[in-house]
Amino acid sequence: GALLVAAVLLAVFGSAFALDPSARVAHDADHPGGGGRLLGAAFVVLVGAQVSIGMLFGATQTGATVLATDAGTPGVAGLVHATLGVGSALAGLATAYLPERIGHERRALVAAWALLVLSLPLLVVGSLAGTAATVLFLGFAVAPYMIAVFSLAERVVPGARVGAAMTTLA
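Quick look at the structure, then. (Residues numbered from 1 in each chain as written. Predicted model: local features only at pLDDT ≥ 70, side-chain atom pairs only at ≥ 80, totals over all residues. Heavy atoms only, no water.)

**Some details on helix H5 (residues 104-119)**
Residues separated by three or four positions in an α-helix point in the same direction, a consequence of the helix having 3.6 residues per turn. Which entries qualify depends on this criterion: Helix numbering and strand numbering both begin at the N terminus, where a helix is a DSSP run of H or I of at least 4 residues and a strand a DSSP run of E of at least 2. Here, expected helix span is obtained from the residue count minus one, scaled by 1.5 Å. To sort residues, take the accessible area from a 1.4 Å probe on protein chains only and compare it with the maximum for the residue type: under 20% means buried, over 50% means exposed, and anything in between is partly exposed. In this description, the arc belongs to the directions extending from the helix axis to the C-beta atoms. A contact between two residues is defined here by any heavy atoms of the two lying within 4.5 Å.
Taking 1.5 Å of rise per residue, the 16 residues of H5 would be expected to cover 22 Å, and the 22 Å separating its terminal C-alpha atoms lies within 8% of that figure. Burial in H5 covers these residues: His104, Arg107, Ala108, Ala111, Leu115 and Ser119. On an axial view of H5, the arc spanned by its buried residues comes to 95 degrees, and they lie on one face. Exposed and oriented more than 90 degrees from the buried face of H5 are Glu105, Arg106, Leu109, Val110 and Trp113. Where the residues of H5 are buried, they touch helix H3 (41-70), helix H4 (77-95) and helix H6 (128-156).

And the structure:
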């Protein structure tokens with residue numbers, strides 16, 4: 001039932017968003033010549049950045065599943081992995097309050113290093129509680145990283161291709 005409700009909501013509101021007349025007005029005013037090239041070197045690097053965060057998601061979920069299964073509580077794996085989203089959501093909200101003088105390039109670099117440093121404890125943690133705490137703190141670097149990557153993509157692709165760029169990165 002939940003999947004059907006989600007599909008209906010996506011179909012209704014996604015279509016309404018896509019068909020909104022303001023999209024054509026903004027597109028025509030900003031880009032009278034149309035298109036432009038999506039795949040430049042900078043965008044390819046950003047795609048690699050997003051693939052990397054996807055690998056982090058997969059590795060975190062796999063590790064949580066292994067630990068939870070070994071502990072005899074496989075159903076807890078989703079809860080452990082969800083802590084990543086909690087940390088990410090909190091940090092994503094806080095990112096809106098960063099000064100503009102801290103550019104997206106710097107934000108992405110700092111967040112990438114934070115992802116590396118905050119993931120290192122996962123190499124030695126052996127309990128579900130320790131993993132949940134580590135993943136919670138790791139989550140604090142996820143949203144700032146992804147927000148910076150998406151913001152940089154918006155700048156490096158032609159305006160008429162931003163939708164395709166965001167879809168590709170997602």
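Following the structure, the description resumes.
**Here's the deal with the environment of Ala153**
When you line up the elements, Ala153 lands in helix H6. The exposure class assigned to Ala153 is buried, which follows from its relative accessible area of 0%. Along the primary structure Ala153 and Met166 are separated by 13 residues, whereas in three dimensions their C-alpha atoms are 7.6 Å apart. Leaving out residues up to four positions away in the same chain, Ala153 has contacts with Phe43, Leu46, Met166 and Leu169.

**Some remarks on the nonpolar core**
This is how the line gets drawn: Remark: nonpolar core denotes a set of buried residues (Ala, Val, Leu, Ile, Met, Phe, Trp, Tyr, Cys) joined through side-chain atoms within 4.5 Å.
In this structure, Phe43, Leu115 and Tyr145 are the most contacted members of the largest nonpolar core, which totals 23 residues. Looking at this core, the elements that each hand over two or more residues are H3, H5, H6 and helix H7 (162-169). Tallying contributions element by element places H6 first for this core, with nine residues. If we skip the residues at most four places from it in the chain, Phe43 touches Leu38, Ala153, Val156, Val157, Ala165, Thr168 and Leu169. Membership of the second largest hydrophobic core comes to six residues, among which are Ala64, Ala68, Leu128 and Ala132.

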